[in-house]
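Residues per chain, in single letters:
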Amino acid sequence: MNDIDAWVWWLIGAAALGIPLVMTAMLELGMLALGAVAAAAVAGLGGGVVVQVLVFAAVSVALTLAVRPLAARHRTQRPQLVSGVEALKGKQAVVLERVDGSGGRIKLAGEIWSARSLDGGQAYEVGQAVDVVDIEGATAIVM
């Protein structure tokens, strides 16, 4: 045990923190692993045990304080690339068969869709442009 330098122990600790990071995606484990790498660098440069522990703690806390707000902001942002049914909401379509509260047909994104009006009393005639409000199953809700 005494034959192994302190920097090797810090790197072993960093690897031990990195493995659960990959398996659980807990960002805090990554910050601790990077703190251990910084402590390994200090140990390799000849810093004492107290300095190594202080560097480990300081780097880990600083990274956690810096990265957590960024991660929280990223988590609350809406995805920039919307696909599938969500991408069709808000698009314009053209009425192919009269659309009212009970049904009809529209051409949406190059495809023919069954549709019904959002307001059951409202009807849209052939050739009229409508906006897709929602998709329920295979039916577009238009207005």
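Throughout what follows, the structure given in this document is the object of discussion. (Residues numbered from 1 in each chain as written. Predicted model: local features only at pLDDT ≥ 70, side-chain atom pairs only at ≥ 80, totals over all residues. Heavy atoms only, no water.)

### Here's the deal with the nonpolar core
Within the largest apolar cluster, 14 residues are counted, with the highest numbers of intra-cluster contacts made by Ile106, Leu108, Val132 and Val142. Breaking this core down by element, the ones donating at least two residues are strand 1 (92–100), strand 2 (103–108), strand 3 (111–117), strand 4 (129–136) and strand 5 (139–142). Excluding residues within four positions of it along the chain, Val142 makes contact with Val99, Ile106, Ala115, Arg116, Ser117, Leu118, Tyr124, Val130, Asp131, Val132 and Val133. If you look at the next biggest cluster of nonpolar residues, it comprises 6 residues, including Ala14, Ala36, Ala39 and Ala43. (Core = buried A, V, L, I, M, F, W, Y, C linked by side-chain atoms within 4.5 Å. Buried < 20%, exposed > 50% of the residue type's maximum accessible area, 1.4 Å probe, protein only. Helix = DSSP H or I, 4+ residues; strand = E, 2+ residues; numbered from the N terminus. Contact = heavy atoms within 4.5 Å.)

### What to know about the packing of helix 2 (residues 27–44) against helix 3 (residues 49–76)
Packing of helix 2 against helix 3 brings their axes to within 8 Å, and their N-to-C directions diverge by 145°. Considering the relative orientation of helix 2 and helix 3, their crossing is right-handed. Taken together, the residues of helix 3 that come into contact with helix 2 (itself represented by Leu27, Glu28, Met31, Leu32, Leu34, Gly35, Ala36, Ala38, Ala39, Val42 and Ala43) are Val51, Gln52, Val55, Phe56, Val59, Ser60, Leu63, Thr64, Val67, Arg68 and Ala71. Its residues placed into classes, the contact of helix 2 with helix 3 shows 16 nonpolar, 4 polar and 2 charged. (Axes fitted to C-alpha atoms, helices over the stretch in contact; angles between N-to-C directions. Left-handed = near helix turned anticlockwise from the far one by under 90°. Nonpolar A, V, L, I, M, F, W, Y, C, P; charged D, E, K, R; others polar.)

### A few points about the pairing of strand 4
Bridging between strand 1 and strand 4 involves 3 bridges; their strand directions are antiparallel. The residue bridging Val94 from the neighbouring strand is Ala129, located in strand 4. Summarising the sheet, strand 4 and strand 5 pair through 4 bridges and their orientation is antiparallel. When the bridges of strand 5 are listed, Val132 appears paired with Val142. (Pairing = 2+ DSSP bridges.)

### Comments concerning the sheet that holds strand 3
The sheet built from 5 strands closes into a barrel, its strands ordered 1-2-3-5-4 with mixed pairing. Here the average twist between neighbouring strands, direction ignored, is 50°.

### Looking at the side chain of Ser117
Residue placement: Ser117 occurs in strand 3. Judged by relative accessible area, Ser117 falls into the buried class, the value being 1%. Polar contacts involving the side chain of Ser117 include one to the main-chain amide nitrogen of Gly101, which spans 3.3 Å. Separated by 2.7 Å, the side chain of Ser117 and the backbone oxygen of Asp119 make a polar contact. Discounting chain neighbours no more than four positions away, the residues touching Ser117 are Val99, Asp100, Gly101, Gln122, Tyr124, Ile141 and Val142. (Polar contact = N/O pair within 3.5 Å; in protein donor to acceptor, adjacent residues only side chain to side chain.)

### Examining the pattern of salt bridges
By the definition in use, this model includes 6 salt bridges. Its salt-bridge partner being Glu28, residue Arg68 comes within 2.4 Å of it at the nearest N-O pair. In this pair, Arg68 sits in helix 3 while Glu28 sits in helix 2, placing the two residues 40 residues apart along the sequence. On the accessibility criterion, Glu28 (29% relative accessible area) is partly exposed. (Salt bridge = Lys/Arg side-chain N within 4 Å of Asp/Glu carboxyl O.)

### A closer look at the pairing of strand 2
Of the strand pairs in this sheet, strand 1 and strand 2 are connected by 4 bridges, and their pairing is antiparallel. Of the residues in strand 2, the one forming a bridge with Val94 is Lys107. Between the end of strand 1 and the start of strand 2, which pair antiparallel, lie 2 residues. As defined by bridge partners, strand 2 adjoins strand 3 across 4 bridges and the pair is classed as antiparallel.

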